[in-house]
Amino acid sequence: MRVIVRGALALALTTSLLAPAAPANAKPKPYCELHKCIALTFDDGPWPYTPALLDTLKKHKAKATFFVLGRKVESRADMMKRMVDEGHEIGNHTWDHPDLTKLTDEEILSEISSTQQVIQDVAGITPTFMRPPNGATNTRVGSLMKSFGLPQILWTGSTLDWQARNTKVIRDRTLKYAKRNAVILLHDIVPETVTAMSTVVDTLTKKGYKLVTVSTLLGDRELKPGEAWPKPEKKK
Ligand SMILES: [Zn+2]
């Protein structure tokens, strides 16, 4: 006997016979295991230059992470909402950018909780990690961050853009640090950085890099509350 099946049914039968069945609980591979990813991170905003940076990122479908200061958030609700709407990530960078290692426990808790609150109020999201100003941290700061459930995000490359204040230098340093799984420290309060990002994002995209948020870069990897990651590169 010969059964003739046509069209969609035939295709469905053929596909189901040929394709090995995926296990029901198969988890897709994290995005950054499949792609060359880089996390660009922008600290100390939001600031009047931030929208121009958001325009550049949007043009290239690039995502970034913004470590914002609580005291700058309230008056710039539009920028904060835009970050969230356009798929960027927001981290807590304290209220006023102090050296946390020099504050009392109470002062540290106030810096972090007031910033969590204002971000929640303005942007409707609660950051799931923080970055200590200037990367200054110690065991005590770490254990206080643990009490907030917040890992501390550092970087693999610091451009020192706030010192350089030169578009070409900032561009070259960013491209130098741009390796797979890099976390690059930049500042959206530096206008030369915002200008440099136009070329940087274009160049990295053409090289096949995917510019992603810190969470996407982490993928399956779960950081412990209070843990500091990644370890900064040793100074040469
Ligand atoms: Zn900072």
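Residues numbered from 1 in each chain as written. Predicted model: local features only at pLDDT ≥ 70, side-chain atom pairs only at ≥ 80, totals over all residues. Heavy atoms only, no water.

### Digging into the packing of helix α3 (residues 50-59) against helix α5 (residues 77-85)
Close contact between α3 and α5 brings their axes to 10 Å; oriented N to C, the two are set at 15°. Here α5 runs roughly parallel to α3, going by the angle between their axes. The handedness of the crossing between α3 and α5 comes out as left-handed. For the pair formed by α3 and α5, the contact residues are T50, P51, L54, D55 and K58 on the first element and M79, R82 and M83 on the second. Each residue belonging to the contact of α3 with α5 can be placed in one class, and the counts come to four nonpolar, one polar and three charged. (Axes fitted to C-alpha atoms, helices over the stretch in contact; angles between N-to-C directions. Helix = DSSP H or I, 4+ residues; strand = E, 2+ residues; numbered from the N terminus. Parallel < 35°, antiparallel > 145°, perpendicular 65-115°, else oblique. Left-handed = near helix turned anticlockwise from the far one by under 90°. Contact = heavy atoms within 4.5 Å. Nonpolar A, V, L, I, M, F, W, Y, C, P; charged D, E, K, R; others polar.)

### Section: the packing of aromatic side chains
Within the structure shown, the criterion is met by two aromatic pairs. Relative to F129, the ring of F67 has its centre 6.3 Å away and its plane inclined at 40°; by these criteria the two rings are tilted. Here F67, found in strand β2 (residues 65-68), pairs with F129, found in the loop between α6 (105-123) and α7 (139-148); they are 62 residues apart in sequence, far enough to count as distant. F67 sits in the buried class, given a relative accessible area of 0%. (Phe/Tyr/Trp six-rings, centres within 6.5 Å; stacked < 30°, edge-to-face > 60°. Buried < 20%, exposed > 50% of the residue type's maximum accessible area, 1.4 Å probe, protein only.)

### With respect to α3
Inspection of α3 places T50, L53, L54, T56 and L57 among the buried residues, and these make up the whole buried set. For α3, the angular spread of the buried residues around the axis is 160°, confining them to a single face. Counted as exposed and oriented over 90 degrees from the buried face of α3: K58 and K59. Where α3 terminates, the next one or two residues include K61, which has phi positive at roughly 50°. (Arc of directions from axis to C-beta.)

### Considerations on the pairing of strand β1 (residues 36-43)
Burial within β1 is extensive, with seven of its eight residues counted as buried. Bridge analysis of β1 against strand β7 (residues 209-211) gives three bridges, and the strand direction is parallel. When the bridges of β7 are listed, I38 appears paired with L211. When β1 meets β2, the two strands line up parallel, connected through three bridges. (Pairing = 2+ DSSP bridges.)

### Focus on the nonpolar core
Within the largest apolar cluster, 33 residues are counted, with the highest numbers of intra-cluster contacts made by L40, F66, M80 and M197. Ranked by residue count, the leading element in this core is helix α10 (residues 191-206), at six residues. With residues up to four places along the chain from it excluded, the contact list for F66 reads F42, T50, L53, L54, L57, M83, H88, E89, I90, G91 and D188. Counting 17 residues, the second largest nonpolar core, distinct from the first, contains A39, V183, V212 and W229. (Core = buried A, V, L, I, M, F, W, Y, C linked by side-chain atoms within 4.5 Å.)

### Regarding the state of the cysteines
Enumeration according to the criterion identifies one disulfide in this entry. Put simply, C32 and C37 are joined by a disulfide, and their sulfur atoms are 2.2 Å apart. Judged by the torsion about the S-S bond (-90°), the C32/C37 disulfide is left-handed. C37 sits in the buried class, given a relative accessible area of 0%. (Disulfide = S-S within 2.5 Å.)

### A few points about the pairing of strand β6 (residues 182-187)
Of all six residues that make up β6, six are buried, and the element is covered over most of its length. Where burial is concerned, the two faces of β6 agree: the one with A182, I184 and L186 and the one with V183, L185 and H187 are both buried. Pairing geometry for β1 and β6, over six bridges, is parallel. Paired with T41 across the strands is L185, a residue of β6.

### Comments concerning the coordination of the zinc ion
Reference values for angles at a metal are 109.5 degrees in the four-donor tetrahedral case and 90 or 180 degrees in the six-donor octahedral case. For the zinc ion, the full set of protein donor atoms is D44 (OD), H93 (NE2) and H97 (NE2), at a range of 2.1 Å. On the primary sequence, the residues serving as donors to the zinc ion are separated as D-x48-H-x3-H. A residue pair is termed long-range when its members are at least 10 positions apart, and D44 in the loop between β1 and α3 and H93 in the loop between β3 (89-92) and α6 qualify at 49 residues. By the burial criterion, D44 is buried, and H93 matches it. (Donors = N, O, S within 2.8 Å, 3.2 Å for Na, K, Ca; no water.)

Geometric values such as these leave the question of function open.
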